[in-house]
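Now for the letters of each chain:
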Amino acid sequence: MAKLRVVSLGGLRKRLAAVLGTDSLLFARFDAALRRSDEELLEDAMRCLGTYPRETRQAVQDALLAWLFDDSDNSGLADLDTASPARH
């Protein structure tokens, strides 16, 4: 059985800020898309990423993969007890 992980968009924003810098226009695009949970803005940010040098694209891809699979980004929510009729 696969291990359940719960990650937050805030964790992704932190990783992207570390890679791109908070003054970066590309970071601003990702940040706005993630804060608003806006799929179109996220698609625009990804299109813009495609115009950046290979090193930048690779760094963002690495940040995305690390966010998904690095245990330090696991929020711990999946480890909480589930709701039960006795509690509610």
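Please read these numbers as outputs of a predicted model, since none were measured by experiment.

> Can you break down the overall build of the protein residue by residue, with the values?
The helix and strand tally for the protein stands at four helices and zero strands. Helices (α) and strands (β) of the protein occur, in sequence order from the N terminus, as α-α-α-α. With 88 residues in all, the protein has 22% of them scored as buried. Pairs at least 24 apart in sequence give 57% of the contacts found in the protein among residues at least 6 apart. Approximately 6400 Å² of the protein is accessible, and the part contributed by carbon and sulfur atoms is 54%.

> Outline helix 4 (residues 54-69), listing residues and values.
For helix 4, with 16 residues, the first-to-last C-alpha span of 22 Å sits near the 22 Å given by 1.5 Å per residue. What helix 4 keeps buried is the set Val-60, Ala-63 and Trp-67. Down the axis of helix 4, the buried set is contained in an arc of 55 degrees. They therefore lie on one face. The exposed residues of helix 4 that point more than 90 degrees off its buried face are Arg-54, Glu-55 and Phe-69. Considering only its buried residues, helix 4 is in contact with helix 1 (9-20), helix 2 (25-36) and helix 3 (39-49).

> Can you lay out the packing of helix 1 against helix 4 for me, pointing to particular residues and giving the numbers?
The interhelical angle for the contact between helix 1 and helix 4, taken along N-to-C directions, is 150 degrees, at an axis separation of 9 Å. When the axes of helix 1 and helix 4 are compared, the pair comes out roughly antiparallel. Seen along the crossing, helix 1 lies across helix 4 with a hand that is right-handed. Together, Leu-9, Gly-11, Leu-12, Arg-15, Leu-16, Val-19 and Leu-20 of helix 1 and Thr-56, Ala-59, Val-60, Ala-63, Leu-64, Ala-66 and Trp-67 of helix 4 make up the contact between the two elements.

> Explain the pattern of salt bridges to me, using residue names and the numbers behind them.
Summed over the entire model, instances satisfying the criterion amount to four salt bridges. Here Arg-35 makes a salt bridge to Asp-31, at a shortest N to O gap of 3.1 Å. With Arg-35 and Asp-31 both in helix 2, this residue pair falls four residues apart, about one helical turn. On the basis of relative accessible area, Arg-35 is assigned to the exposed category, the value being 55%. Across the pair Arg-47 and Asp-44 runs a salt bridge whose closest N-O atoms are separated by 2.3 Å. In this pair, Arg-47 and Asp-44 both sit in helix 3, three residues apart, roughly one turn of the helix.

> So what's going on with unusual backbone geometry? Which residues, and what values?
Positive phi values are uncommon outside glycine, yet Ser-37 reaches one of about 50 degrees. Position of Ser-37 among the secondary structure elements: in the loop between helix 2 and helix 3. Among the residues examined, Ser-37 registers a relative accessible area of 58% and is labelled exposed.

What counts, and where the lines are drawn
Residues numbered from 1 in each chain as written. Predicted model: local features only at pLDDT ≥ 70, side-chain atom pairs only at ≥ 80, totals over all residues. Heavy atoms only, no water. Helix = DSSP H or I, 4+ residues; strand = E, 2+ residues; numbered from the N terminus. Buried < 20%, exposed > 50% of the residue type's maximum accessible area, 1.4 Å probe, protein only. Contact = heavy atoms within 4.5 Å. Areas by Shrake-Rupley, 256 points an atom, 1.4 Å probe, with all protein chains shown as cover. Expected span 1.5 Å × (residues − 1). Arc of directions from axis to C-beta. Axes fitted to C-alpha atoms, helices over the stretch in contact; angles between N-to-C directions. Parallel < 35°, antiparallel > 145°, perpendicular 65-115°, else oblique. Left-handed = near helix turned anticlockwise from the far one by under 90°. Salt bridge = Lys/Arg side-chain N within 4 Å of Asp/Glu carboxyl O.

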